[in-house]
Amino acid sequence: MSWSEYLGLLLERGKKEELAEILKNVIAADPYDLKMRFSLVMAHLEEERYDKAAFQLREIGRTARSLADEHRLRVDLAGILKTIREKVPNKPETAAVLKELEEMLRSQKNGS
């Protein structure tokens, strides 16, 4: 069973707190794993913990920026933003974070 299948199974069975705890541990071990961090965003949104979801969204932006700037890796910030816009519900609690990510993307384009 893959990580994605296991995490989906936990979510399906309503084990949201266990899911969030596992994701936090995975992220602590590898803070550059944007996929797992995004899974944590979705888990927080599922539980309506918008403040925690917003924090993780900001971390995705910072991490992606760091990967692009410090490690000279090509990071598709536009793709990250598009995925977030498609998956994250349009709520007042997430609107400010989406705006921050758009500004970060704009500054990345202007800086390159």
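Thresholds, definitions, all that
- Residues numbered from 1 in each chain as written.
- Predicted model: local features only at pLDDT ≥ 70, side-chain atom pairs only at ≥ 80, totals over all residues.
- Heavy atoms only, no water.
- Helix = DSSP H or I, 4+ residues; strand = E, 2+ residues; numbered from the N terminus.
- Buried < 20%, exposed > 50% of the residue type's maximum accessible area, 1.4 Å probe, protein only.
- Axes fitted to C-alpha atoms, helices over the stretch in contact; angles between N-to-C directions.
- Parallel < 35°, antiparallel > 145°, perpendicular 65-115°, else oblique.
- Left-handed = near helix turned anticlockwise from the far one by under 90°.
- Contact = heavy atoms within 4.5 Å.
- Nonpolar A, V, L, I, M, F, W, Y, C, P; charged D, E, K, R; others polar.
- Salt bridge = Lys/Arg side-chain N within 4 Å of Asp/Glu carboxyl O.
- Core = buried A, V, L, I, M, F, W, Y, C linked by side-chain atoms within 4.5 Å.
- Expected span 1.5 Å × (residues − 1).
- Arc of directions from axis to C-beta.

Caption draft 1: Looking closely at the overall build of the chain. The helix and strand inventory of the chain stands at six helices and zero strands. Tracing the chain from N to C terminus, the helices and strands come up as α-α-α-α-α-α. For the chain, the proportion of its 112 residues judged to be buried stands at 37%.

Caption draft 2: Geometry of the packing of helix α3 (residues 34–46) against helix α4 (residues 50–69). Following both chains from N to C, one finds α3 and α4 inclined at 165°, their axes separated by 8 Å at the closest point. By the criterion of interaxial angle, the relationship of α3 to α4 is roughly antiparallel. Considering the relative orientation of α3 and α4, their crossing is left-handed. In this structure, α3 contributes Leu34, Arg37, Phe38, Leu40, Val41, His44 and Leu45 to the contact, and α4 contributes Tyr50, Lys52, Ala53, Gln56, Leu57, Glu59, Ile60, Thr63, Ala64 and Leu67. Classifying every residue of the contact of α3 with α4 by side-chain character gives eleven nonpolar, three polar and three charged.

Caption draft 3: How the structure looks around the pattern of salt bridges. Counted according to the given criterion, the structure contains three salt bridges. Note that glutamate 86 is salt-bridged to lysine 82, the shortest N-O span being 3.4 Å. With glutamate 86 and lysine 82 both in helix α5 (residues 77–87), this residue pair falls four residues apart, about one helical turn. Taken as a pair, glutamate 86 and lysine 82 share a single burial class, namely exposed.

Caption draft 4: Region of the structure containing unusual backbone geometry. Residue glutamate 48 is not a glycine yet carries a positive backbone phi of 60°. Tracing the sequence through the fold places glutamate 48 in the loop between α3 and α4. Overall, the relative accessible area of 57% leaves glutamate 48 in the exposed class.

Caption draft 5: Geometry of the nonpolar core. Formed by 17 residues in total, the largest nonpolar core has its most connected members in Val41, Leu57, Ile60, Ile84 and Val88. Those elements that provide at least two residues to this core are α3, α4, α5 and α6 (92–111). The element that contributes the greatest number of residues to this core is α4, accounting for seven residues. In this structure isoleucine 84 touches Phe38, Leu57, Ile60, Leu98 and Leu101, once residues within four positions along its chain are discounted.

Caption draft 6: Spatial organisation of helix α2 (residues 16–29). Here α2 is 14 residues long and its end C-alpha atoms lie 20 Å apart, about the 20 Å a rise of 1.5 Å per residue gives. Taken residue by residue, α2 has Leu19, Ala20, Ile22, Leu23, Val26 and Ile27 as its buried positions. Take α2 and look down its axis: the buried residues cluster within an arc of 165°, on one side only. Away from its buried face, by an angle of more than 90 degrees, α2 presents the exposed residues Glu17, Ala28 and Ala29.

Caption draft 7: Fine view of the packing of α2 against α3. In contact at an axis separation of 9 Å, α2 and α3 are set at 155° when each is read in the N-to-C sense. Comparing the axis directions of α2 and α3 gives the class roughly antiparallel. Along this stretch, α2 crosses α3, giving a crossing that reads as left-handed. Of the residues in α3, those touching α2 at Lys16, Leu19, Ala20, Leu23, Lys24, Val26 and Ile27 are Met36, Arg37, Ser39, Leu40, Ala43, His44 and Glu46. Among the residues forming the contact of α2 with α3, the class breakdown is eight nonpolar, two polar and four charged.

Keep in mind that these numbers describe shape and distance, not what the molecule does.
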